Amino acid sequence: MTQTARPAKAVTTTESPWVRRILTGIALAFLLLFLVLPLVAVFAEAFRQGYSGFAAAFQSDDTWSAVKLTLITAAIVVPLNVVFGVMAAWCIAKYEFKGKAFLITLIDLPFSISPVVVGLAYVLLYGINGWLGPLLQAHDIKIIFAVPGIVLVTIFVTFPFVARELIPLMEAQGNDEEQAAIVLGASGFRTFWSVTLPNVKWGLIYGVILCNARAMGEFGAVSVVSGHIRGQTNTIPLQVEILYTDYQSVAAFSVATLLALLALVTLALKTWAEWSHEAQLKKAAELPPENPHLLRGADVSVGDELRRIEWSRDPHEPAANTNRH
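As the structure is a prediction and not an experimental result, all values here were calculated from the model.

S.K.: Explanation requested: the pattern of salt bridges in the structure shown.
M.R.: Taken as a whole, this structure holds six salt bridges when the rule is applied. For the salt bridge of Asp108 with Arg164, the shortest nitrogen-to-oxygen distance reads 2.8 Å. With Asp108 in the loop between α4 (100-107) and α5 (109-112) and Arg164 in helix α9 (residues 160-173), this residue pair connects regions lying 56 residues apart in the sequence. The exposure class assigned to Arg164 is partly exposed, which follows from its relative accessible area of 32%. For Glu218, the salt bridge goes to Arg214, with nearest N and O atoms at 2.8 Å. Judged by relative accessible area, which is 4%, Glu218 ranks as buried.

Structure follows, in structure tokens:
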């Protein structure tokens with residue numbers, strides 16, 4: 001009598017169970033010690049005097065001015081970095097040109113330079129005694145120790161995030177779908193909006209989340225160019241520092257909870273984006289092979305979009321050369 005062969009058990013690792021438990025325990029202890037406990041300490045200190053002490057920290061006009069300036073800075077910086085990131089990623093991923101490696105190096109430059117050095121460089125360039133200082137002063141334009149300086153340094157330290165998320169994604173996708181849309185008569189803008197953008201949607205969302213979190217939490221570069229003018233050029237991180245140095249620890253930690261909540265919201269949005277992307281890829285993997293483009297994560301059928309482009313093309317417009325042998 002023949003015996004049914006049992007499927008072999010998948011071997012995921014060669015380490016013994018006690019080694020895996022030790023490594024897992026070390027990782028969890030590290031996260032608890034360096035991430036969870038500091039975050040808990042922030043909220044515990046903020047509510048040390050009860051809710052009344054926590055609410056009293058937000059009755060200051062300087063605090064609300066810092067919150068307002070932080071939101072304004074993020075509202076300016078994030079859209080500009082989205083535009084730059086998409087353009088840079090499109091240029092690098094879709095074209096070959098001389099100096100491409102150098103351009104990628106420039107995009108990565110803010111990752112390797114201290115934010116304090118960035119702030120000092122902008123002071124040297126735009127300060128009163130800087131290279132452009134006399135020209136700006138002659139036209140009554142103030143950048144350093146003002147909001148424009150804060151926006152400029154924040155743009156510098158955050159602009160790689162969107163581009164670095166999109167470049168590898170666009171390189172992996174190639175140019176086939178864009179070329180097909182152009183052959184069918186689509187304009188460059190419609191090709192980007194209907195074909196390219198849906199394919200990179202999740203990478204763009206992830207980059208925006210990281211860019212916004214860094215823009216609202218930047219301290220070093222902003223501290224150098226802001227001048228610490230209370231009620232005018234202080235952002236939330238600078239306001240926390242001022243409150244703490246003034247021995248108002250409860251107020252400082254109360255305001256710091258805003259940044260902590262921002263970190264938690266950022267983590268939640270990042271997790272949601274990753275789960276949504278994975279669920280979409282899993283759903284696409286179950287589709288029949290007639291829709292292979294969906295494996296790239298597009299929400300809409302690019303094939304259907306290309307057919308719509310073909311149907312909407314002017315019938316009097318000469319069609320692309322499709323001679324078949």
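S.K.: Sorry, what's going on with the packing of helix α3 (residues 61-94) against α9 here?
M.R.: In a pair of packed helices, the angle between the axes and the distance between the axes together describe the arrangement. Contact pair α3 / α9: the axes reach a minimum separation of 8 Å and the direction vectors enclose 30 degrees. The orientation of α3 with respect to α9, classified from their angle, is roughly parallel. Between α3 and α9 lies a crossing of right-handed hand. Here Asn81, Val82, Gly85, Val86, Ala88, Ala89, Trp90, Ile92, Ala93 and Lys94 of α3 lie close against α9, whose contacting residues are Val162, Ala163, Leu166, Ile167, Met170 and Glu171. Classifying every residue of the contact of α3 with α9 by side-chain character gives 12 nonpolar, two polar and two charged.

S.K.: What is the right way to read unusual backbone geometry from this model?
M.R.: Trans is the common state for peptide bonds, and a negative phi is the common state for residues other than glycine. Here the phi dihedral of Asp140 falls at roughly 55 degrees; this positive angle occurs in a residue that is not glycine. Mapped onto the fold, Asp140 is located in the loop between α7 (133-138) and α8 (147-158). Of note in this structure, His228 is not a glycine but carries a positive phi near 55 degrees. Take His228: it is sitting in the loop between α13 (220-226) and α14 (236-245). A residue is classified by how much of its surface remains accessible, and His228, at 30% relative accessible area, is partly exposed.

S.K.: Looking at this structure, I do not really get α9. What am I missing?
M.R.: Side chains that are three or four residues apart share a direction in an α-helix, a result of its 3.6 residues per turn. An ideal rise of 1.5 Å per residue puts 20 Å on 14 residues; α9 measures up with 20 Å between its terminal C-alpha atoms. Those residues of α9 not exposed but buried are Pro160, Phe161, Val162, Ala163, Leu166, Ile167, Met170 and Gln173. Residues of α9 that are buried make contact with α3, α4, α5, α8, α11 (188-199) and α12 (201-217). Where α9 terminates, the next one or two residues include Gly174, which has phi positive at roughly 75 degrees.

S.K.: Sorry, what's going on with the environment of Leu258 here?
M.R.: Inspection of the secondary structure assignment puts Leu258 in helix α15 (residues 249-285). Through-space distance from the C-alpha of Leu258 to that of Ile236 is 8.2 Å; in sequence the pair is 22 residues apart. Apart from residues lying up to four places away in sequence, Leu258 is in contact with Phe58, Val67 and Ile236.

Procedures and definitions
- Residues numbered from 1 in each chain as written.
- Predicted model: local features only at pLDDT ≥ 70, side-chain atom pairs only at ≥ 80, totals over all residues.
- Heavy atoms only, no water.
- Salt bridge = Lys/Arg side-chain N within 4 Å of Asp/Glu carboxyl O.
- Helix = DSSP H or I, 4+ residues; strand = E, 2+ residues; numbered from the N terminus.
- Buried < 20%, exposed > 50% of the residue type's maximum accessible area, 1.4 Å probe, protein only.
- Axes fitted to C-alpha atoms, helices over the stretch in contact; angles between N-to-C directions.
- Parallel < 35°, antiparallel > 145°, perpendicular 65-115°, else oblique.
- Left-handed = near helix turned anticlockwise from the far one by under 90°.
- Contact = heavy atoms within 4.5 Å.
- Nonpolar A, V, L, I, M, F, W, Y, C, P; charged D, E, K, R; others polar.
- Expected span 1.5 Å × (residues − 1).

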